[in-house]
Amino acid sequence: MPKSNPNDLRALIAKGEINGFTLDTNIIDELNSNGNLDNRILLSVGNLKSKNVSVILADVVASEVRNHMVECHTDAHDKMVSALKAYTKTWKHDAQSVDDLRAKLAPRDAIGNHADGIFKDFCGKVGAEVVSSADAIEIMELMSSYFENHPPFDGADKKHEFPDAIALAGLQKWSEAHGAVLAISKDEGWAEYCEGSEYLYWTDDLGKALTLFHEDEAIVARCLKSLIEEPEGKISREVLDAIQRDLDDLDFEIDASAFLEWDASADEAVVESIVYCGGQEQRILASDADSVTFLVLVDAK
């Protein structure tokens, strides 16, 4: 199916005709910069269980996400080891303390298992099922799609689209057995493949897609009205405090060069003010009997 407008998808959801929800690698990677799969928007996908919608991930996507996590954690590990080595060269009398600290670090060859554990925990939290692509497409059918430029092989870099073709075939097979799937991806190959599918719907915005499953619009409308009309009000202060809490968890690095020897440190960042700039658009992520979670777009200084 082509990219559907919100009203069409909302109608399908209301009828219970969307049975699956899946994410492409590019959507997950965008929200997983620290490699820990702990982003609140990603975790909010788990709320779809209350809507009787299955969260599924193609096995190809799962492998790509896992590999990117390994790269992220390996990079962090190597930077730490390098920093300790550089520190020891200057502070030689601390060498034993540095050796003790280095011994406590996870060994480099354990990073793969570490990433596997994080991914497994994430799937458990959101109730995600990894869908196998085994037997989803025959090799001759795959090659035919490639040489005949069928989606997702109709782009300039079609040699790189084999993983997507296999992932989409697995999702197609799942949807034929269980019902329609809403696929979230920023990849045009996914969009074009879904356009020719009877069971796969596509959109490129995770926030908007999740909004379609939650209709607590009146509550959100009141909060947005407060943000617009009362920039110093209670809701604005709570948003500012939430941003500050996230900033407090970040570490800042200073990158500079100078002729003379220099040293600098960044201790913290402080949010002084926010200005709501999201208009009346609502992006509800999750809701239950007691709360509503939604995205708020602000300029923070």
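Residues numbered from 1 in each chain as written. Predicted model: local features only at pLDDT ≥ 70, side-chain atom pairs only at ≥ 80, totals over all residues. Heavy atoms only, no water.

## With respect to the layout of surface pockets
Its volume calculated, the largest pocket comes out at about 1,300 Å³. Asn39, Arg40, Ala242, Ile243 and Asp246 are, among the 28 residues lining the largest pocket, the residues nearest its centre. Secondary structure elements with two or more residues in the lining of the largest pocket: α3 (40-43), α12 (234-248) and β8 (292-294). It is α12 that provides the largest number of residues to the lining of the largest pocket, a total of seven residues. (1 Å grid on protein atoms, 1.4 Å probe; cavity = no way out; pocket = protein on both sides within 12 Å on 5 of 7 lines; lining within 4 Å. Points joined across faces, edges and corners; volume = space filled by probe spheres on them. Helix = DSSP H or I, 4+ residues; strand = E, 2+ residues; numbered from the N terminus.)

## A closer look at helix α11 (residues 217-229)
Taking 1.5 Å per residue, 13 residues should reach 18 Å; α11 reaches 18 Å between its end C-alpha atoms and fits that length. The set of residues buried in α11 consists of Val220, Cys223, Leu224, Ser226 and Leu227. Projected onto a plane normal to the axis of α11, the buried residues spread over an arc of 155° and lie on a single side. What points out from α11, more than 90 degrees from its buried face, is the exposed set Ala218, Arg222 and Glu229. (Expected span 1.5 Å × (residues − 1). Buried < 20%, exposed > 50% of the residue type's maximum accessible area, 1.4 Å probe, protein only. Arc of directions from axis to C-beta.)

## Quick notes on the nonpolar core
For soluble globular proteins, the rule of thumb is that nonpolar side chains tend to be buried together. Core analysis: the largest hydrophobic core is formed by 56 residues, its most contacted members being Phe21, Leu23, Leu37, Leu182, Leu206 and Phe213. Sort the elements by how many residues they give to this core and helix α6 (residues 111-126) lands first, with seven residues. Filtering out sequence-adjacent residues up to four positions away, Leu206 remains in contact with Phe21, Leu23, Ile27, Leu31, Ile41, Leu42, Val45 and Ile184. Core analysis: the next-biggest nonpolar cluster, separate from the first, contains ten residues, Leu224, Leu227, Val271 and Tyr276 among them. (Core = buried A, V, L, I, M, F, W, Y, C linked by side-chain atoms within 4.5 Å. Contact = heavy atoms within 4.5 Å.)

## Section: the pairing of strand β2 (residues 54-58)
Of all five residues in β2, four are buried; the element is thus mostly enclosed. The sheet contact formed by β2 and strand β3 (residues 128-131) spans four bridges and is parallel. Residue pairing for β3: Ile56 is matched across the bridge by Glu129. (Pairing = 2+ DSSP bridges.)

## Here we look at helix α1 (residues 6-14)
Every buried residue belonging to α1 is among Leu9, Leu12 and Ile13, and all of these are buried. Down the axis, α1 shows its buried residues gathered within 100° of arc, on one side only. In α1, the exposed positions angled more than 90 degrees off the buried face are occupied by Asn7 and Ala14. Elements in contact with the buried residues of α1: β1 (18-23), β4 (180-184) and β5 (200-203). At the exit of α1 stands Gly16, carrying a positive phi of roughly 75°.

## Some words on the packing of aromatic side chains
Applying the stated criterion to the full structure yields two aromatic pairs. With 5.8 Å between their ring centres and 75° between their planes, Phe21 and Phe213 make a pair best called edge-to-face. Here Phe213 lies in the loop between α10 (206-211) and α11 and Phe21 lies in strand β1, a separation of 192 residues in the sequence. Exposure class is identical for Phe21 and Phe213. Each is buried. (Phe/Tyr/Trp six-rings, centres within 6.5 Å; stacked < 30°, edge-to-face > 60°.)

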